[in-house]
Amino acid sequence: MSTFDVKLKQLLLTYKRTDSVLDSNKDTAIKRQLEALKALTNEVETSRRGVEALKIEQKVNEDEVATRNSQVETELEKADDDVKRLEKWQDDCKLEKERNAFEEKLKYELKLHETKLKLESEHQANGASYETQRNSREILQDATFELHKWSSNVPQLAVDEVYQVSELSDEQSYAKTQLILKPKESQVLGLKWDKQSDTLKISFPSEESGPEWLSDPANWPDNPVTKSSPESAAETKISRDLVYIAKSTETTTDELDKLLERNTLRRTLRVSAWINRFIHNCRAKEKRSGPLDTEEIETAKFWWIKLVQLRDTVEQHYKETSAQLGLETDDRGII
């Protein structure tokens, strides 16, 4: 058997395996089958031309040569058809992968967009929450009722602006553990506040939950009874004298006193702050504008405190009282 016949036989065996390879749906096997068909097709074509040249040289009948070439061409066309089928499978597989990748990318971008919208919504809600807290703190601070901690059972207002801690969090802090508070519970004026149900609770210690000495009255601590001493008697006398002085001292009133009588403390402090700002703007080059800030309110409050204390310093009893109580002024000039 000539080399040409061997190559042609290999080509026939190879393209007969194409259907089974395609059915396997394995990318590596299909790629290998495609490469084998292309290689054998080229080798058969090369061998055919060599045989054809040899027969022409031997002056073989042209019809016989043409018939043989036609048979070989038929086999080559079958191999070419299988090559096209294999290439089409690869193209379809590539398109499928690209389509899947596009769908995954689209899902990811959609999820990313939804997450972005959610974060923006939460940011706006938190911004409104912080603004509400800030306004509430400023209003209460103007009335000298400063909040040290924020607590709310409204989810949008549950995050403390100062400490950035959610009061509705399930995390149990050490302080809550010591106060025997459950998660999502706080204390309001010493009472347990369940935020979810918005109820106040009073818990009395029992023999099971309380300390051991609680169940036995014999182990209860003694109730101390205080007795009078020379030191306590002296302190009592000073207290009585101060009360008497406060009641008996007559003070003159002016327009500022009338302002305080006609208005609440908060309004009086704000009016005083506006007066101070007017005086400042008349004297200073840098003018103040906008709503009153906390510093201006505090300055007005300290001014009133100094005014009242200054009036008392001119009284006859001040030196004696100051010596007895050890009164001193701080760096702000307030006793």
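Now for a description of the structure that goes with this document.

Conventions used here
Residues numbered from 1 in each chain as written. Predicted model: local features only at pLDDT ≥ 70, side-chain atom pairs only at ≥ 80, totals over all residues. Heavy atoms only, no water. Helix = DSSP H or I, 4+ residues; strand = E, 2+ residues; numbered from the N terminus. Buried < 20%, exposed > 50% of the residue type's maximum accessible area, 1.4 Å probe, protein only. Areas by Shrake-Rupley, 256 points an atom, 1.4 Å probe, with all protein chains shown as cover. Pairing = 2+ DSSP bridges. Phe/Tyr/Trp six-rings, centres within 6.5 Å; stacked < 30°, edge-to-face > 60°. Contact = heavy atoms within 4.5 Å. Patch = residues over 30% accessible without salt bridge, like charges linked within 9 Å, V, L, I, M, F, W, Y side chains within 5 Å. Salt bridge = Lys/Arg side-chain N within 4 Å of Asp/Glu carboxyl O. Core = buried A, V, L, I, M, F, W, Y, C linked by side-chain atoms within 4.5 Å. Axes fitted to C-alpha atoms, helices over the stretch in contact; angles between N-to-C directions. Parallel < 35°, antiparallel > 145°, perpendicular 65-115°, else oblique. Nonpolar A, V, L, I, M, F, W, Y, C, P; charged D, E, K, R; others polar. Lys, Arg positive; Asp, Glu negative; His and termini not counted. Charge placed at Lys NZ, Arg CZ, Asp CG, Glu CD.

**Some remarks on the overall build of the chain**
Consideration 1: Along the backbone of the chain there are ten helices and three strands.
Consideration 2: Secondary structure of the chain in N-to-C order comes out as α-α-α-α-α-β-β-β-α-α-α-α-α.
Consideration 3: Relative to its full complement of 335 residues, the chain shows a buried share of 21%.
Consideration 4: A total accessible area of about 25,600 Å² is found for the chain, and carbon and sulfur atoms account for 55% of it.

**Comments concerning the pairing of strand β2 (residues 191-194)**
Consideration 1: With three bridges connecting them, β2 and strand β3 (residues 199-201) associate as antiparallel partners. Across the sheet, Trp193 pairs through a bridge with Leu200, a residue of β3.
Consideration 2: Where β2 folds back on β3, the antiparallel hairpin that results is connected by four residues, among which Asp198 adopts a positive phi of roughly 55°.

**Here's the deal with the packing of aromatic side chains**
Consideration 1: Evaluated as defined, the whole model comprises one aromatic pair.
Consideration 2: Taking 5.5 Å as the distance between ring centres and 90° as the angle between the ring planes, the aromatic pair formed by Trp303 and Trp304 counts as edge-to-face.
Consideration 3: On the basis of relative accessible area, Trp303 is assigned to the partly exposed category, the value being 37%.

**Thoughts on the side chain of Thr14**
Consideration 1: With respect to the helices, strands and loops of the structure, Thr14 is situated in helix α1 (residues 3-16).
Consideration 2: Given the relative accessible area of 4%, Thr14 is considered buried.
Consideration 3: Excluding its chain neighbours within four sequence positions, the residues that come into contact with Thr14 are Gln33, Ala36, Leu37 and Leu40.

**Re a nonpolar patch on the surface**
Consideration 1: Nonpolar side chains collect at one region of the surface, where Ile275, Phe278 and Ile279 lie side by side and expose about 290 Å² of accessible area between them.
Consideration 2: Structurally, the position occupied by Phe278 is in helix α8 (residues 265-283).
Consideration 3: Taking the relative accessible area as the measure of exposure, Phe278 reaches 58% and is therefore exposed.

**Quick word on the nonpolar core**
Consideration 1: Within the largest apolar cluster, 19 residues are counted, with the highest numbers of intra-cluster contacts made by Leu11, Ile30, Leu37, Val44, Val72 and Leu86.
Consideration 2: Secondary-structure elements contributing two or more residues to this core are α1, α2 (18-24), α3 (27-57) and α4 (62-142).
Consideration 3: Examining the composition of this core, we find that seven residues originate from one element, α4, more than from any other.
Consideration 4: Aside from chain neighbours lying at most four places away, what touches Leu37 is Leu11, Thr14, Tyr15, Thr18, Ala79, Asp82, Val83 and Leu86.
Consideration 5: Core analysis: the second largest hydrophobic core is formed by seven residues, Leu269, Ala273, Leu292 and Ile297 among them.

**Concerning the packing of α8 against helix α9 (residues 294-313)**
Consideration 1: Viewed as axis vectors pointing N to C, α8 and α9 meet at an angle of 105°, and their least axial separation amounts to 8 Å. Between α8 and α9, the angle falls in the class roughly perpendicular. Together, Thr268, Leu269, Arg270, Ser272, Ala273, Asn276 and Arg277 of α8 and Glu296, Ile297, Ala300, Lys301 and Trp304 of α9 make up the contact between the two elements.
Consideration 2: For the contact of α8 with α9, the residue count by class is five nonpolar, three polar and four charged.

**Some words on a negative patch on the surface**
Consideration 1: Together, Glu73, Glu77, Asp80 and Asp81 make up a region of like negative charge exposed at the surface.
Consideration 2: Structurally, Glu77 can be placed in helix α4.

**Let's talk about the pattern of salt bridges**
Consideration 1: Here the structure, examined in full by the defined rule, presents twelve salt bridges.
Consideration 2: With a shortest N-O distance of 3.1 Å, Asp5 and Arg68 are connected by a salt bridge. Within this pair, whereas Asp5 is found in helix α1, its partner Arg68 is found in helix α4, the two being separated by 63 residues in sequence.
Consideration 3: In this structure, the salt-bridge partner of Glu96 is Arg99, at a minimum N-O distance of 2.1 Å. Here the residue Glu96 and the residue Arg99 both occupy positions in helix α4, the gap between them amounting to three residues, near one helical turn.
Consideration 4: On the accessibility criterion, Glu96 (33% relative accessible area) is partly exposed.
Consideration 5: The class for Arg99 is partly exposed, based on a relative accessible area of 42%.
Consideration 6: Taken together, the shared-partner salt bridges connect Asp19, Asp82 and Arg85 into one network.

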